[in-house]
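These are the residues of each chain, in order.
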Amino acid sequence: MNDDAKSKREESKSGEQSSAGPSSLIDRLKEALNPFIAKGMQDLKAAKDYKRTQLWKSIFRHKLDETPRSRALAVLTNVFLHVQPAKVNRDAIRFGFTWGMGGITLYLFIVLTITGVFLMFYYHPTKGQAYQDIMYLHNDVPFGGLLRNMHRWGAHLMIITVWLHMFRVFLTGSYKTPREFNWTVGVICLVLTLLLSFTGYLLPDDQLGFWAVTVGTNMARATPLLGHEGPFGAQLGMTAFNDVRFALLGGSIVDANALLRAYIWHCIAIPLILTIFLTVHFWRVRKDGSISGPAPVMLESEMKFPRK
Amino acid sequence: MDWGQLWEIISAPDNVPIVALLFLIPFFTWYGFRQALANDRLIDRLTKDPELAKTHHRKVEPYREGWAQKLYVWPYLLRVEFLTAIIVTGILMVWSITLNAPLEEPANPNLTMNPAKAPWYFLGLQEMLVYFDPWIAGVVMPTLILVGLMIIPYVDCNPLGNGYYTFRQRKFAILTFCFGFMVLWLSMVFIGTFIRGPGWMWFWPGETWDHHRLVFETNRDLHELFGITTQPWSGLVGASAVGLYFVIFGWLTHKLFVWNKFNRKIYQQMTLVQYLTLQSFLLIMWALPVKMFLRLVFRIKNVMVTPWFNI
């Protein structure tokens, strides 16, 4: 507080003593407020040093400076980042080793979940209405077309990156001991990714999706033992109305029930299952000793065979 | 040359990913193999010079004495991840703004699409339908492909090449995988996308899709070649042909597997269960090109015919 203000207040104090009136009321109010103002000024001062406030400290548990300790804590104390270790193999950061495909796949899965949720606001999984909803999305909903396009192309891109991820893991021999099981989990994630895309194909309820799903599910007729056109299916009493294809479609043709089932699988069941397997996949990456390489090359003369 | 037809196929929105794959797969194959060959040269050098092998850091990545082996994830890895996320978002946005997702007319069960194609990633299976009955192409083969992928770590007994690119140390594994992934899976996807037209007939790129084309080809079953037409003899002919395939190709695969000294050393380490599992899956994989060959050259529809199923 500067001297000018102080002197002003002293003046007003002396005025109060000499005469009573409306002005003295204001002065008394001012006096009553003074302690609050002082407290406010204190708060402002503290806010300048915001990193020591209770609020800040409760959210960020450590300093964000460039010390090794803080850098490690930045990852370890963050729920989203702690799936990663505090430190990684310096060569693994280079694009050349991993091609970033696993990470891109996860990122696309997140993008697809978000765009998918938005799409669900506009979509009814019922015959007739479904196609109308897609038209509505494309022509009337603000950014609706962009939303659907991102969902569609993101899904295609995800399949490509999953394949490339698998290709890279194979080429670097990253499935070898101790990561055998995680490769198996990864294959399951690959299947679920393909199934996610496939179930989504039917949802616009257009000719493209309808016939693609018809072709795809017709193969289920021929399932050995469980399909009515498959080997030994007829002998086991399979008909078009009780076989595995019927279970998939909820009927003997691709119709309203199939649309609903595809919707439930696509929006709820498979994403949940995939999330579980992804969790295991990431957990195992860490537990199996983090990323596999680039490891120092081994020579044939140093070859050791593990015990069986 | 019908450029319009070619453009129509290439520019179909749902075919864009496959066109992209045409570039991405060769690029990443080259990129991976380039690193594999660089490592192989290093391995070669270290094998010839055991003294160097004791002190060498054994990587081809840039290396300097005293550099930390590990870096902090924050910020060194996270900034890469963040940048990648931005770039991927950018690509996806541009792609989504410039190209609309396909939407055909409303589904109509009375109007069959011709050709009716599965989503592009399943076109390999649909293409397989040409050569096999649906129970094999649509159910057994996909299951075996997935199980086969899952068991790879458990039948690959070669401890070398764990965590680095190499070709020399894992020739058999890498060639087999590339054969399965590129020659069998991806090329079938490409054929299904770019070659197959109405009636699932073969149209070369640039050939006009003729919806009225008729193909006069008579496929026959194997036993008909021998003039045998009655069961159970025809079934027995087929069964022995299948058995013969397994014996001959099993023997050939075995010869291929123990081709060199290194492979024999690996073979010594395998248990019988591991070896037989590997053999079975390889034999089923080879069966696809063998059947394709029989169909395309000898016009053979089924090798084995029984009252319940055909192979």
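Bear in mind that the values here come from a model prediction, so they are computed numbers and not experimental data. (Residues numbered from 1 in each chain as written. Chains lettered and ligands numbered in written order. Predicted model: local features only at pLDDT ≥ 70, side-chain atom pairs only at ≥ 80, totals over all residues.)

## Observations regarding the overall build of chain B
Logical step 1: The helix and strand inventory of chain B stands at eleven helices and one strand.
Logical step 2: Walking chain B from its N terminus toward its C terminus, one meets helices and strands in the order α-α-α-β-α-α-α-α-α-α-α-α.
Logical step 3: For chain B, the C-alpha radius of gyration of 25 Å lies well beyond 19 Å, the compact-globule estimate for 311 residues.
Logical step 4: A buried classification covers 25% of the 311 residues belonging to chain B.
Logical step 5: Long-range contacts, defined as pairs at least 24 residues apart, comprise 69% of the intrachain contacts of chain B with a sequence gap of at least 6. (Helix = DSSP H or I, 4+ residues; strand = E, 2+ residues; numbered from the N terminus. Rg over C-alpha atoms; globule rule 2.2 N^0.38 Å. Buried ≥ 20, exposed ≤ 12 C-beta atoms within 10 Å, placed from the backbone. Contact = placed C-beta atoms within 7 Å.)

## Some remarks on the overall build of chain A
Logical step 1: Helix and strand counts for chain A stand at twelve helices and one strand.
Logical step 2: Starting at the N terminus and walking to the C terminus, you meet the elements of chain A as α-α-α-α-β-α-α-α-α-α-α-α-α.
Logical step 3: Against the 2.2 N^0.38 benchmark of 19 Å for 308 residues, chain A shows a C-alpha radius of gyration of 32 Å, more extended than a compact globule.
Logical step 4: For the C-alpha atoms alone, the extent of chain A along its principal axes is close to 115 × 70 × 30 Å.
Logical step 5: Within chain A, the fraction of its 308 residues that count as buried is 38%.
Logical step 6: In chain A, once contacts between residues fewer than 6 apart in sequence are set aside, the share between residues at least 24 apart is 58%.

## What about the nonpolar core?
Logical step 1: Formed by 88 residues in total, the largest nonpolar core has its most connected members in Leu108, Met158 and Leu202 of chain A together with Met128 of chain B.
Logical step 2: With 15 residues, the top contributor of residues to this core is helix H8 (residues 144–171) of chain A.
Logical step 3: The residues contacting Met158 of chain A, other than those within four sequence positions of it, are Thr105, Leu108, Phe109, Leu112 and Thr193 of chain A. (Core = buried A, V, L, I, M, F, W, Y, C linked by C-beta atoms within 7 Å.)

## Here we look at the packing of helix H9 (residues 180–202) of chain A against helix H12 (residues 256–287) of chain A
Residues and elements named next belong to chain A.
Logical step 1: Contact pair H9 / H12: the axes reach a minimum separation of 9 Å and the direction vectors enclose 160 degrees. Put simply, H9 runs roughly antiparallel to H12. Here the hand of the crossing between H9 and H12 comes out left-handed.
Logical step 2: Looking at side-chain class alone, the contact of H9 with H12 contains 19 nonpolar, six polar and one charged residues. (Axes fitted to C-alpha atoms, helices over the stretch in contact; angles between N-to-C directions. Parallel < 35°, antiparallel > 145°, perpendicular 65-115°, else oblique. Left-handed = near helix turned anticlockwise from the far one by under 90°. Nonpolar A, V, L, I, M, F, W, Y, C, P; charged D, E, K, R; others polar.)

## Details of the confidence of the model for chain B
Logical step 1: Overall, the predicted model of chain B reaches an average pLDDT of 90, with 100% of residues at or above 70.
Logical step 2: The spread of mean pLDDT over the elements of chain B runs between helix H8 (residues 222–225) of chain B, the lowest at 83, and helix H4 (residues 73–98) of chain B, the highest at 94. (pLDDT = per-residue confidence, 0-100.)

## Let's talk about the interface of chain A and chain B
Logical step 1: With 86 residues of chain A in contact, the opposing surface of chain B contributes 84 residues.
Logical step 2: Broken down by secondary-structure element, the contributors of at least two residues to the side of chain A that touches chain B are helix H4 (68–76), strand E1 (87–89), helix H6 (101–120), helix H7 (129–139), H8, H9 and helix H10 (207–221) of chain A.
Logical step 3: If you tally residues by element for the side of chain A that touches chain B, the top one is H8 of chain A, at 17 residues.
Logical step 4: When its residues are assigned to classes, the side of chain A that touches chain B shows 50 nonpolar, 21 polar and 15 charged.
Logical step 5: Here three bridges tie E1 of chain A to strand E1 (residues 70–72) of chain B, and the two strands are oriented antiparallel to one another. Looking at the pairing, Val88 of chain A lines up with Leu71 of chain B of E1 of chain B. (Pairing = 2+ DSSP bridges.)

## Brief notes about unusual backbone geometry
Logical step 1: The omega torsion of the bond from Trp74 of chain B to Pro75 of chain B falls at 10 degrees, within 30 degrees of zero and hence cis.
Logical step 2: Residue position: Pro75 of chain B is located in helix H4.
Logical step 3: Between Asn114 of chain B and Pro115 of chain B the backbone carries a cis peptide bond, its omega angle lying at 0 degrees.
Logical step 4: Inspection of the secondary structure puts Pro115 of chain B in the loop between H4 and helix H5 (123–128).
Logical step 5: Here Asp205 of chain A, not a glycine, exhibits a phi torsion of approximately 60 degrees, which is positive.
Logical step 6: Among the structural elements, Asp205 of chain A can be located in the loop between H9 and H10.
Logical step 7: The phi dihedral of Ser290 of chain A falls on the positive side, at around 60 degrees, and the residue is not glycine.
Logical step 8: Looking at the element boundaries, Ser290 of chain A is found in the segment after H12.
Logical step 9: Ser290 of chain A sits in the partly exposed class, given 14 other C-beta atoms within 10 Å.

## Things to note about helix H2 (residues 16–48) of chain B
Logical step 1: For H2 of chain B, with 33 residues, the first-to-last C-alpha span of 48 Å sits near the 48 Å given by 1.5 Å per residue.
Logical step 2: At Leu22 of chain B, H2 of chain B shows its largest bend, some 25 degrees, and a proline, Pro26 of chain B, comes one to four positions later.
Logical step 3: Buried within H2 of chain B are the following residues: Pro17, Ile18, Leu21, Gly32, Gln35, Ala36, Asn39 and Ile43 of chain B.
Logical step 4: Where H2 of chain B is buried, its residues meet helix H5 (95–98) and H8 of chain A together with helix H7 (171–195) of chain B. (Expected span 1.5 Å × (residues − 1). Bend = angle between axes of the 7 residues up to and from the residue.)

## Observations concerning the environment of Val215 of chain A
Logical step 1: Counting through the fold element by element, Val215 of chain A comes out in helix H10.
Logical step 2: Exposure remark for Val215 of chain A: the 21 C-beta atoms within 10 Å place this residue in the buried category.
Logical step 3: When the C-alpha positions of Val215 of chain A and Lys30 of chain A are compared, they lie 83 Å apart, and in sequence the two are 185 residues distant.
Logical step 4: When sequence neighbours within four positions are dropped, the list of residues in contact with Val215 of chain A reads Ala116, Ala118 and Gln126 of chain B.

## Here's the deal with the packing of H6 of chain A against H4 of chain B
Logical step 1: One way to put it is that H6 of chain A packs onto H4 of chain B with a least axis distance of 10 Å and a crossing angle of 55 degrees. Compared by their axis directions, H6 of chain A and H4 of chain B come out oblique. In this structure, the crossing between H6 of chain A and H4 of chain B has a hand that is right-handed. In contact with Gly103, Ile104, Tyr107 and Val111 of chain A of H6 of chain A, H4 of chain B contributes Glu81, Thr84, Ala85, Val88 and Leu92 of chain B.
Logical step 2: Residues that form the contact of H6 of chain A with H4 of chain B fall into these classes: six nonpolar, two polar and one charged.

## Comments concerning the environment of Gly235 of chain B
Residue and element names in this part refer to chain B.
Logical step 1: Looking at the element boundaries, Gly235 is found in helix H9 (residues 233–257).
Logical step 2: For the pair Gly235 and Trp202, spaced 33 residues apart in sequence, the C-alpha separation works out to 31 Å.
Logical step 3: Once you skip the residues sitting within four places of it in the chain, Gly235 turns out to touch Met304, Val305 and Thr306.

## Describing the environment of Gln84 of chain A
Residues and elements named next belong to chain A.
Logical step 1: Locating Gln84 in the fold gives a position in the loop between H4 and E1.
Logical step 2: Judged by the 21 C-beta atoms lying within 10 Å of it, Gln84 falls in the buried class.
Logical step 3: Counting along the chain gives 67 residues from Gln84 to His151, while the straight-line C-alpha distance between them is 27 Å.

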